[in-house]
Amino acid sequence: MNLVVRLRARLVLLLGAAEIHLRLRLPQLTWALTRRSHHPARPFDELVRIESDPAYRALFFAELDAALGERLAAHTDVLEEIEAAADRLRDLLIDSGDHERAS
């Protein structure tokens, strides 16, 4: 029984490795063999749901506000880092200018 379990585990690992190798070596073939839905989503389904479902609309806008807040915070952090780097560079330039004048 233990031998069967080990063989099964090895077979699963071998098939997984073969799949990864196939996906890396032949991406067009794996794309062609991948199962896809026969009914693609309509482009405006999400928009229709946002407009028609008040609960979903509230959730969508709450998530959107949170994502925009995170993005603004990230931009603010980057701006502060840039300003700090500019101040350090300015200080370096001023210090090197003082040394040149003293010479």
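A.B. asks: Which parts of the structure should I look at to understand the overall build of the protein chain?
C.D. replies: Counting its secondary structure elements, the protein chain contains four helices and zero strands. Ordered by position from N to C terminus, the α and β elements of the protein chain give α-α-α-α. Taken over C-alpha atoms, the radius of gyration comes to 29 Å for the protein chain, far larger than the 13 Å a tight globule of 103 residues would show. Reported as C-alpha extents along the three principal axes, the dimensions of the protein chain are approximately 85 × 50 × 35 Å. Sorting the 103 residues of the protein chain into buried and exposed places 4% on the buried side.

A.B. asks: Please explain the pattern of salt bridges as it appears in this structure.
C.D. replies: Pairs can form between side chains of opposite charge once their charged atoms are near each other. A complete count under the given rule lists three salt bridges for this structure. A salt bridge links Glu19 to Arg23; the nearest nitrogen and oxygen atoms lie 3.0 Å apart. Note that Glu19 and Arg23 are positioned in helix H1 (residues 2-25) at a spacing of four residues, about one turn of the helix. Two residues, Asp45 and Arg42, come together in a salt bridge whose shortest N-O distance is 3.0 Å.

A.B. asks: Looking at this structure, I do not really get the packing of aromatic side chains. What am I missing?
C.D. replies: The way to describe two aromatic rings as a pair is by their centre distance and the angle between their planes. The full count for this structure, using the stated rule, is one aromatic pair. For the ring pair Phe60 and Phe61, a centre distance of 5.5 Å and an interplane angle of 75° mean the geometry is edge-to-face. Cation over ring: Arg49 sits above Tyr56, and NZ or CZ is 3.8 Å from the ring centre.

A.B. asks: Help me understand a nonpolar patch on the surface, please; the structure alone is not making it clear to me.
C.D. replies: A grouping of Leu22, Leu26, Leu29 and Leu33 is seen on the molecular surface, where their side chains present a nonpolar patch of about 350 Å² in accessible area. Examined against the element boundaries, Leu33 turns out to sit in helix H2 (residues 27-33). Leu33 gets classed as exposed once you look at its relative accessible area, which sits at 63%.

A.B. asks: Just checking my understanding: could you explain a negative patch on the surface for this structure?
C.D. replies: A contiguous patch of negative charge on the surface is contributed by Asp77, Glu80, Glu81 and Glu83. With respect to the helices and strands, the residue Asp77 is situated in helix H4 (residues 54-102).

Here is what the cut-offs are and how they apply
Residues numbered from 1 in each chain as written. Predicted model: local features only at pLDDT ≥ 70, side-chain atom pairs only at ≥ 80, totals over all residues. Heavy atoms only, no water. Helix = DSSP H or I, 4+ residues; strand = E, 2+ residues; numbered from the N terminus. Rg over C-alpha atoms; globule rule 2.2 N^0.38 Å. Buried < 20%, exposed > 50% of the residue type's maximum accessible area, 1.4 Å probe, protein only. Salt bridge = Lys/Arg side-chain N within 4 Å of Asp/Glu carboxyl O. Phe/Tyr/Trp six-rings, centres within 6.5 Å; stacked < 30°, edge-to-face > 60°. Lys NZ or Arg CZ within 6 Å of the ring centre and 35° of its normal. Patch = residues over 30% accessible without salt bridge, like charges linked within 9 Å, V, L, I, M, F, W, Y side chains within 5 Å. Areas by Shrake-Rupley, 256 points an atom, 1.4 Å probe, with all protein chains shown as cover. Lys, Arg positive; Asp, Glu negative; His and termini not counted. Charge placed at Lys NZ, Arg CZ, Asp CG, Glu CD.

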